[in-house]
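# Notes for the structure review
The residues making up each chain are set out below.
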Amino acid sequence: MAIADLNHKKVLITGAASGIGRAAALAFARQGATVLLCDIDTAALESLRQQIAGVGSECFAYTVDVSNARAMAELATRIHATQGTLDVLVNNAGIGYLGRFLDSDLGHWQRVLDINLMGVVHGCHCFIPAMIEAGGPRLVINVASAAALFPSPSMAAYAASKHAVYGFSEVLKMELHDTQVQVTTLCPGVINTPIVASRSNIAASVSDEQIGRLQSYYQAKGCSPELVAESLIRAVKDGRDLILVGPFARLIFQLKRVSIGLLRKIVLKDAHKFGYL
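As annotated in an unreviewed UniProt entry, the protein chain is Short-chain dehydrogenase from Ectopseudomonas guguanensis.

Structure (structure tokens):
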């Protein structure tokens, strides 16, 4: 369902304090949308809220943990009471984890799944019913990853969570086919964000040298979050089903259909070269 004019449309973005979420919030604000920000980083949210207000767009910030089902339900109740029904929901909040599966403990798995997968599930469960009831064209954008199409080594939990988001989104697309709520899947490629910059999201077995090489790779090869945000805006206006943006996303999508064996060899070669295997 295309939404050609975003002026005064209500857009909720989770994980809005940094990276793709922050860039998306600014992009929607420049289109005249009322932007609702959601993140756990209160200080960063307030800074962004002030920046958006400075360009003349309405903006509201909510400190919420998307992995908490009750907190998300309370957020939905609050927003529906004060702002009304969403026009666009961007389920973006996510974290990464880097480390070979057998060299990592299992402690990070639940956290990655709770945020990356259940955060999307909670957003959809809490906001879609009202979007359906309100009628009119509305859009849900679930942020997966190129890793949902084909992952890299040392990203087991992250890849599993993003594969799940991709599959969950496909189910929703079928279940909502007779409504005016469209579900769009976003699969960014290599994006220059701090998703694996924190040591808490990296296994102890990964050396500082490996981390440095990987961060250099993201900086050299990754595209900016702003490019992803521009693609989001176009997708909303065009009613696009799947967004492939950033280095390698479209290549991975096409090459997987041609030869999964060749794709695996290419990914393994890059993994050895850039130090994340």
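### Points about the overall build of the protein chain
Looking only at helices and strands, the protein chain has 10 helices and 7 strands in total. In terms of overall dimensions, the protein chain is globule-like: its C-alpha atoms have a radius of gyration of 18 Å, near the 19 Å expected for 277 residues. Overall, the C-alpha framework of the protein chain stretches about 50 × 40 × 35 Å when taken along its three principal axes. Counting across all 277 residues of the protein chain, residues that qualify as buried make up 51%. Considering only residue pairs separated by 6 or more positions, the protein chain has 73% of its internal contacts joining residues 24 or more positions apart. Element-wise, carbon and sulfur atoms account for 54% of the exposed surface of the protein chain, whose accessible area totals about 12400 Å². Considering the protein chain, the positive charge centre built from 25 side chains and the negative charge centre built from 22 side chains are found 8 Å apart.

### Focus: the state of the cysteines
For the structure on display, the rule yields 0 disulfides. With no disulfide partner, C38 has as its closest neighbouring cysteine sulfur the one in C126, 11 Å distant. In this structure C38 comes out as buried when scored by relative accessible area, which is 0%.

### Topic: the nonpolar core
Ranked by size, the top nonpolar core spans 52 residues in total, and within it L12, M72, L75, I79, L86, F127 and V140 carry the most contacts. Counting residues per element, this core draws most heavily on helix 5 (residues 118-134), which supplies 6 residues. When neighbours within four sequence positions are excluded, L12 is seen to be in contact with L36, C38, I79, L86, V88, L89, V90 and F127.

### What about the packing of helix 1 (residues 19-30) against helix 2 (residues 42-54)?
At a minimum axis distance of 10 Å, the contact between helix 1 and helix 2 shows a crossing angle of 20°. Judged on the interaxial angle alone, helix 2 and helix 1 are roughly parallel. As for how helix 1 packs across helix 2, the hand of that crossing is right-handed. Residues R22, A25, L26 and A29 of helix 1 lie in contact with helix 2, whose contacting residues are L48, Q51 and I52. Its residues placed into classes, the contact of helix 1 with helix 2 shows 5 nonpolar, 1 polar and 1 charged.

### Focus on helix 9 (residues 249-258)
Looking only at helix 9, the buried set comprises A249, I252 and L255. Within helix 9, the buried residues cover an arc of 135° as seen down the axis, which keeps them to one side. Structural note: helix 9 exposes L251, R257 and V258 on the side pointing more than 90 degrees away from its buried face.

### Details of the side chain of Q182
Mapped onto the elements of the fold, Q182 is located in strand 6 (residues 181-188). Classification of Q182 as buried rests on a relative accessible area of 15%. Within polar-contact distance, the side chain of Q182 engages the side chain of T184 at 3.2 Å. Excluding anything up to four places from it in sequence, Q182 contacts M1, R138, L139, V140, G239, R240 and D241.

### Remarks on the packing of helix 4 (residues 107-116) against helix 6 (residues 156-175)
Packing of helix 4 against helix 6 brings their axes to within 9 Å, and their N-to-C directions diverge by 30°. The angle between helix 4 and helix 6 places the two elements in the roughly parallel class. Like other packed secondary-structure pairs, helix 4 and helix 6 cross with a definite hand, here right-handed. Touching H108, W109, V112, L113 and N116 of helix 4 are A156, A157, Y158, A160, S161, K162 and V165, all from helix 6. Its residues assigned to classes, the contact of helix 4 with helix 6 shows 8 nonpolar, 3 polar and 1 charged.

### Considering helix 3 (residues 69-82)
The terminal C-alpha atoms of helix 3 lie 20 Å apart, and with 14 residues this matches the ideal 20 Å at 1.5 Å per residue to within 8%. At its buried positions, helix 3 is contacted by strand 1 (10-14), strand 2 (34-39), strand 3 (59-63) and helix 5. Taking the backbone nitrogen of R70 as reference, a side-chain oxygen 3.0 Å away marks N68 as the first, capping residue of helix 3. Following helix 3 by one or two positions, G84 has its phi on the positive side, about 95°.

### Observations regarding the sheet that holds strand 1
Within the open sheet, the 7 strands sit side by side as 3-2-1-4-5-6-7. Their pairing is parallel. What marks the edges here is a single partner per strand, and that holds for strand 3 and strand 7 (242-245). Neighbouring strand axes in the sheet, compared pairwise and without regard to direction, differ in orientation by 15° on average. Note that strand 1 and strand 2 share 5 bridges and pair parallel. Residue pairing in the sheet places T14 in a bridge with C38 of strand 2.

Rules and cut-offs
Residue numbering note: each chain is counted from 1, following its sequence as written. At least 70 in pLDDT is required for a residue's local features to be given in this predicted model, at least 80 for side-chain atom pairs to be given and counted, and no such filter applies to totals for whole chains, interfaces and linings, which use all residues. With hydrogens and water excluded, all non-hydrogen atoms of the structure serve as input to the side-chain values. By definition, any uninterrupted DSSP run of H or I lasting at least four residues is a helix, any uninterrupted run of E lasting at least two residues is a strand, and each is numbered from the N terminus. The atom set for the radius of gyration is the C-alpha atoms, and the globule formula is 2.2 Å times the number of residues raised to the power 0.38. Each residue is assigned to one of three classes by its accessible area relative to the maximum for its type, calculated with a 1.4 Å probe on protein chains only: buried under 20%, partly exposed between the two thresholds, exposed over 50%. Contact criterion: two residues are considered in contact whenever any of their non-hydrogen atoms come within 4.5 Å of each other. The Shrake-Rupley method, run with a 1.4 Å probe sphere, supplies the accessible areas, and residue values consider only the shown protein chains as cover. Here the positive residues are Lys and Arg and the negative ones are Asp and Glu; neither His nor the chain ends is included. Note that the charge is assigned to NZ on lysines, CZ on arginines, CG on aspartates and CD on glutamates. The term disulfide is used for any two cysteine sulfur atoms that are within 2.5 Å. Residues grouped as a nonpolar core are buried Ala, Val, Leu, Ile, Met, Phe, Trp, Tyr and Cys residues, joined through side-chain atoms within 4.5 Å. The axes used here are C-alpha line fits, helices contributing only the stretch in contact, and every angle between their N-to-C directions lies in the interval 0 to 180 degrees. The labels follow the angle: roughly parallel below 35 degrees, roughly antiparallel above 145, roughly perpendicular from 65 to 115, and oblique for the rest. The crossing is said to be left-handed when, going from far helix to near helix, the turn is anticlockwise and less than a right angle, and right-handed when the turn is clockwise. Side-chain classes follow a simple rule in which Ala, Val, Leu, Ile, Met, Phe, Trp, Tyr, Cys and Pro form the nonpolar group, Asp, Glu, Lys and Arg form the charged group, and the remainder, Gly included, forms the polar group. Here, the arc refers to the directions that run from the helix axis to the C-beta atoms. Polar contacts, as counted here, are pairs of nitrogen or oxygen atoms within 3.5 Å of one another; within protein the pair requires one atom able to donate a hydrogen and one able to accept it, and residues that are adjacent in sequence qualify only if both atoms are side-chain atoms. Helix span is expected to be 1.5 Å times the residue number reduced by one. Think of it this way: DSSP has to see at least two bridges between two strands before they count as a pair.

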